[in-house]
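Below are the chains, spelled out letter by letter.
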Amino acid sequence: MKYPIIKSEQEWKEQLGEERFRILRLKGTEYPHTGTYNLHFEKGTYTCGACHEPLFESDSKFDAHCGWPSFDESIPGKVQYIEDSSHGMKRTEILCANCGSHLGHVFNDGPTKTGQRYCVNSLSIDFKE
């Protein structure tokens, strides 16, 4: 897919640094219960850690007790959904629709009215009040 923001992987690596590059561009995962935004509940907007596009509003965030930041919905049109059958599982990967960076996965096991649980790496997002 062609994204509005296009950079070479080398440009992304220079911009993001080693660990963020591993998560956002190489589809990595951070260890559970280690991320900055796992238990972060201030009011504001969560943006893409690579291109700063708004992705999630704080009122959609909840504690899923899974070890990663969890949201029950994204800002419409800001997240791309890709079937992921890696690691012997069938999941739905979520990417930033603006730059194609890996955010995490979305599951249909959320406890809120949407039934969705967007499981996101803290290193994939930033926060703005």
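First things first, this report covers the structure right here in the doc. In this text the structure is predicted, and so the values were computed from the model without any measurement.

## Some thoughts on the overall build of the chain
Part 1: Scanning the chain for helices and strands turns up two helices and nine strands.
Part 2: Put simply, the chain runs from its N terminus to its C terminus through helices and strands in the order α-α-β-β-β-β-β-β-β-β-β.
Part 3: For 129 residues, the compact-globule formula gives about 14 Å, and the C-alpha radius of gyration of the chain, at 14 Å, lands near that figure.
Part 4: Its C-alpha atoms give the chain principal-axis dimensions of about 40 × 35 × 30 Å.
Part 5: Across the 129 residues that make up the chain, the buried fraction comes to 52%.
Part 6: Summed over all atoms, the accessible surface of the chain reaches about 7,000 Å², with 51% contributed by carbon and sulfur.

## Description of unusual backbone geometry
Part 1: Within the chain, histidine 33 stands out as a residue other than glycine whose phi angle is a positive 65°.
Part 2: Relative to the elements of secondary structure, histidine 33 occurs in the loop between α2 (18–24) and β1 (45–48).
Part 3: In this structure, histidine 52 is a non-glycine residue whose phi angle is positive, near 70°.
Part 4: With respect to the element layout, histidine 52 can be found in the loop between β1 and β2 (54–57).

## Things to note about the pairing of strand β6 (residues 91–96)
Part 1: β6 sits mainly inside the fold: five of its six residues count as buried.
Part 2: Relative to β6, strand β5 (residues 79–84) runs antiparallel, the two sharing six bridges. Bridged to valine 79 within β6 is cysteine 96.
Part 3: Of the pairings in the sheet, the one linking β6 to strand β7 (residues 102–107) comprises four bridges and is antiparallel in character. Paired with glutamate 93 across the bridge in β7 is histidine 105.
Part 4: Hairpin remark: β6 followed by β7, antiparallel, with five residues in the connecting loop; positive phi at glycine 100, about 80°.

## Description of the side chain of serine 58
Part 1: Assignment of secondary structure puts serine 58 in the loop between β2 and β3 (61–62).
Part 2: Residue serine 58 is classed as buried on the basis of its relative accessible area of 13%.
Part 3: For serine 58, the residues in contact, after removing those within four places along its chain, are Glu42, Lys43, Gly44 and Tyr46.

## Digging into the packing of aromatic side chains
Part 1: Counted under the stated rule, the structure contains six aromatic pairs.
Part 2: Between the aromatic rings of phenylalanine 56 and tyrosine 118, the centroid separation amounts to 5.6 Å while the plane-to-plane angle is 70°, which identifies the pairing as edge-to-face. One end of the pair, phenylalanine 56, is in strand β2; the other, tyrosine 118, is in strand β8 (residues 117–120), with 62 residues separating them in the sequence.
Part 3: Phenylalanine 56 sits in the buried class, given a relative accessible area of 0%.
Part 4: Judged by relative accessible area, which is 5%, tyrosine 118 ranks as buried.
Part 5: Grouped by ring-pair contacts, the aromatic residues Tyr37, Tyr46, Phe56, Phe71, Tyr81, Tyr118 and Phe127 constitute a single cluster.

Cut-offs and rules
- Residues numbered from 1 in each chain as written.
- Predicted model: local features only at pLDDT ≥ 70, side-chain atom pairs only at ≥ 80, totals over all residues.
- Heavy atoms only, no water.
- Helix = DSSP H or I, 4+ residues; strand = E, 2+ residues; numbered from the N terminus.
- Rg over C-alpha atoms; globule rule 2.2 N^0.38 Å.
- Buried < 20%, exposed > 50% of the residue type's maximum accessible area, 1.4 Å probe, protein only.
- Areas by Shrake-Rupley, 256 points an atom, 1.4 Å probe, with all protein chains shown as cover.
- Pairing = 2+ DSSP bridges.
- Contact = heavy atoms within 4.5 Å.
- Phe/Tyr/Trp six-rings, centres within 6.5 Å; stacked < 30°, edge-to-face > 60°.

Purely geometric stuff here, so don't read any function into it on its own.
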